[in-house]
Amino acid sequence: MSGDAAAIADELLASIIGVVNLWLAGKCLVVLGEFIASAPLTPLLKPGGGIRPIDVGTVRRRLVSKVAAFSVEKDMSSYLSDYQFGVGVPAGGEIILHAVNHLLEMQGHSDKMSMLLIDFSNAFHMVSRSQLIKEVLLRFPGISRSVEFCYLRPAKLYYDHYILSSALGVQQGDPLGPLLFALTLHPLVKIIASQCKLDLHAWYLDDDTIIGDTLEVAKDLSIIETEGPCRGLHFNNTKKEVFWPSIDHRSTADGVFPADIDRPSNGVKLLGGPMSLDLNFISDMMLSRVNKTVLLLNAIKKLKDPQSEMLLLRNCTGVSRLYFAMRTTNPAALQPATDLFDYHLLKYLRLLITGDGAGFGSLQHRLATLPIKDGGLGIYTMADTSSYCYLASQSQTTSVQKVILGNSFSTDKYSAYQFALQRFIQCNRVKHAQDYLLVVPVSGLNQCLGPRQFRVVLCYRLGIPLFVENGLCASCSKSMDIFGDHGLHCAKDIGPKFRHDIVRDIIADICYKAGVPARKEVSLGFLTDDDKDLKLADIFVLNWEN
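What comes next concerns the included structure. Just so you know, these numbers come straight off a predicted model, no measurement behind them. (Residues numbered from 1 in each chain as written. Predicted model: local features only at pLDDT ≥ 70, side-chain atom pairs only at ≥ 80, totals over all residues. Heavy atoms only, no water.)

Spatially, four strands are ordered β2-β1-β4-β5 in an open sheet, and the strand pairing comes out mixed. If you trace the sheet from one side to the other, it starts and ends with β2 (51-55) and β5 (162-166), each paired once. Strand-to-strand, the axes of this sheet are offset by a mean angle of 40 degrees, without reference to chain direction. Relative to strand β4 (residues 155-159), strand β1 (residues 39-45) is paired through two bridges, and the arrangement is parallel. Bridge pairing links Ala39 to Leu157 in β4. (Pairing = 2+ DSSP bridges. Helix = DSSP H or I, 4+ residues; strand = E, 2+ residues; numbered from the N terminus. Axes fitted to C-alpha atoms, helices over the stretch in contact; angles between N-to-C directions.)

A sheet is described by the order of its strands in space; here four strands give the open sequence β6-β7-β3-β8, paired in antiparallel fashion. Every other strand in the sheet has two partners, leaving β6 (200-204) and β8 (241-243) as the edge strands with one partner each. The sheet shows a mean angle of 15 degrees between the axes of neighbouring strands, direction not considered. In terms of strand pairing, strand β3 (residues 113-118) meets β8 through three bridges, oriented antiparallel. Paired with Leu116 across the strands is Val242, a residue of β8. Where helix α5 (residues 92-107) meets the sheet, it contacts β3, β6, β7 (207-213) and β8, and its direction lies at approximately 155 degrees from that of β6. (Contact = heavy atoms within 4.5 Å.)

Turning our eyes to something else, we now look at the side chain of Asp55. Relative to the assigned elements, Asp55 resides in strand β2. This buried residue, Asp55, is left without a salt bridge; Arg129 holds the nearest opposite charge, at 6.9 Å. With residues near it in sequence (within four places) discarded, Asp55 still touches Ala39, Pro40, Leu41, His125, Leu157, Gln171, Gln172, Gly173 and Asp174. (Buried < 20%, exposed > 50% of the residue type's maximum accessible area, 1.4 Å probe, protein only. Lys, Arg positive; Asp, Glu negative; His and termini not counted. Salt bridge = Lys/Arg side-chain N within 4 Å of Asp/Glu carboxyl O.)

Bridge count for β1 against β2 is five bridges, and the pairing is antiparallel. In the sheet register, Leu45 faces β2, and the bridge partner there is Ile51.

With that settled, consider the layout of surface pockets. For the largest pocket, the calculated volume is near 1700 Å³. Forming the walls of the largest pocket are 37 residues, and the residues nearest its centre are Arg52, Asp119, Asp207, Lys239 and Lys269. For the lining of the largest pocket, the element with the most residues is helix α11 (residues 279-300), which contributes four residues. By volume, the second largest pocket is sized at about 580 Å³. Those elements that place two or more of their residues in the lining of the second largest pocket are α18 (451-462), α19 (486-489) and α20 (496-513). Among the elements that take part in the lining of the second largest pocket, α18 stands out by supplying seven residues, more than any other. Considered class by class, the residues forming the lining of the second largest pocket number twelve nonpolar, five polar and four charged. (1 Å grid on protein atoms, 1.4 Å probe; cavity = no way out; pocket = protein on both sides within 12 Å on 5 of 7 lines; lining within 4 Å. Points joined across faces, edges and corners; volume = space filled by probe spheres on them. Nonpolar A, V, L, I, M, F, W, Y, C, P; charged D, E, K, R; others polar.)

Take the pattern of salt bridges next. Evaluation of the coordinates by the stated rule reveals eleven salt bridges. What emerges from the salt-bridge pattern is a single network uniting Asp501, Arg504, Asp505, Lys520 and Glu521.

The full count for this structure, using the stated rule, is three cavities of 30 Å³ or more. In this structure, the largest cavity occupies an estimated 70 Å³ of space. Trp23, Ile36, Arg61, Val64, Ser65, Ser146, Val147, Cys150, Tyr151, Asp174 and Leu176 together form the lining of the largest cavity. Secondary structure elements with two or more residues in the lining of the largest cavity: α3 (59-71) and α8 (144-151). Take the lining of the largest cavity: its biggest share by element is four residues, from α8. Per-class residue counts for the lining of the largest cavity are seven nonpolar, two polar and two charged.

Right, let's talk about the packing of helix α7 (residues 129-139) against α8 for a bit. For any two helices packed against each other, one specifies the inter-axial angle together with the distance between the axes. Between α7 and α8, the least distance of the axes is 9 Å, while the angle of their chain directions is 165 degrees. For the element pair α7 / α8, the angle class is roughly antiparallel. Along this stretch, α7 crosses α8, giving a crossing that reads as left-handed. Taking contact as the criterion, the partners of Arg129, Leu132, Ile133, Val136 and Leu137 in α7 are, on α8, Ser144, Val147, Glu148 and Tyr151. Of the residues that constitute the contact of α7 with α8, the class distribution is six nonpolar, one polar and two charged. (Parallel < 35°, antiparallel > 145°, perpendicular 65-115°, else oblique. Left-handed = near helix turned anticlockwise from the far one by under 90°.)

The backbone phi angle of Leu271 is positive, close to 50 degrees, even though this residue is not glycine. On the secondary structure map, Leu271 appears in the loop between β9 (268-270) and β10 (273-275). Looking at Leu271, the relative accessible area reads 22%, which means it is partly exposed. One non-glycine residue, Lys304, lies in positive phi territory at about 55 degrees. Position of Lys304 relative to the elements: it lies in the loop between α11 and α12 (306-315). Residue classification places Lys304 among the exposed positions, given a relative accessible area of 67%.

All right, on to a nonpolar patch on the surface then. On the surface, a nonpolar cluster with roughly 590 Å² of combined accessible area is contributed by Leu29, Val31, Leu32, Phe35, Tyr158 and Ile163. With respect to the helices and strands, Ile163 occurs in strand β5. Ile163 gets classed as exposed once you look at its relative accessible area, which sits at 56%. (Patch = residues over 30% accessible without salt bridge, like charges linked within 9 Å, V, L, I, M, F, W, Y side chains within 5 Å. Areas by Shrake-Rupley, 256 points an atom, 1.4 Å probe, with all protein chains shown as cover.)

Any functional reading would require information beyond the geometric quantities listed.
Structure representation (structure tokens):
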């Protein structure tokens, strides 16, 4: 859409718009639906056993779904936001975790309350399509034709040499999938809200968290058992739990809750976060998570490719789950886990960044001061940032916590918040300073750095010494600084013309990538006495509107 393709961008854009509108208007041949909605199937193993089938459709299908989702975004938020926080609500999981923690700390001593956690079995792939289409027609008729086109008839799913028929549920690779599932579920959510008096009633897609008087919570469970199956929603019996720090003896009476329901005594895991007043329970769960990350750190060391290792470290070792826990977990319970993680992280980064070479003496200090966001390595020691993360998440989600908790929300900050506040450390933020760390190393796109070059760049950006004290430059024999700054401007090895052209080429490349028409070394028409160009423009910008 820019650069060399800018000449045909308008024509291409008009063509794409035409296809999208054709789909949204439902003017495609109906018979094509099963093929356009088809997708290759990727079966992923669930941690607890079983398979999660992911079916990612074509680019065109996903584009139309994203446009459809964007078009109903405001109406969707208005309809779902009181109880459903898994669609269109930023940090929805964090909001629920903070609200539940708040209520636990305020009313955990009550012996008349219970918390119920439920999950549906294979919910996305079992939800009723007839109910789904009915709800879309009722609530969002503007996208109903597109939804019917993809979901009214079975689609084809391809796995290996097998062709499967998808006749139930929503596809988990469809950008509209979460919204369509939430729409089908929401009438049931509204029934519960109208018939049960609860202190907290919050959903994250198919994960339901209910807190209130024990008998009201039991009533909620009965409603879901009765009304859920007609919508294709069936309980996952291994994920039904009842918990409260102070046990209500009514909860164990016959007929209140099913006899086989799980009753943890110390705490539960909710949306990936520990939920308990027992700091030892929280600490043990976090230590287990850190130990899994340490095992993965040891595995990726075997690549011996620091650029790829850094990418995997940031994205595939469970580090993001640790940061999520830092944002939602009482910092008072994190110390053992942060100490263990920091020890192994620093040990690994020593090998990754310096190759066990010079400069590690200042590495610990540098890592402890890396920015929280948009800079640094994107890999931070937990001890110095856990309190900051918790406070930031609390602050960002306060307004929605009030929606969930209503009158139960207290303006007085509870003890976990006060603890975090006492240990708060203000961190710097530098935007985009090291975006090169996010690049996927693809050699064909010239995005790979060799191990030596990658380590040199990291050490330079982190201020880790690259050379010995009082060393001399091999090119000009002048004194070298230990951090490598001399290497960037050594006049003998890299001449002024080279540096000039590098700056010119970089600016020209920026113009190209920004879609600004520009040319290098352009004659401006000024001539010498013998009719030669007097002065060339290093960079000639043809148009700079907007």
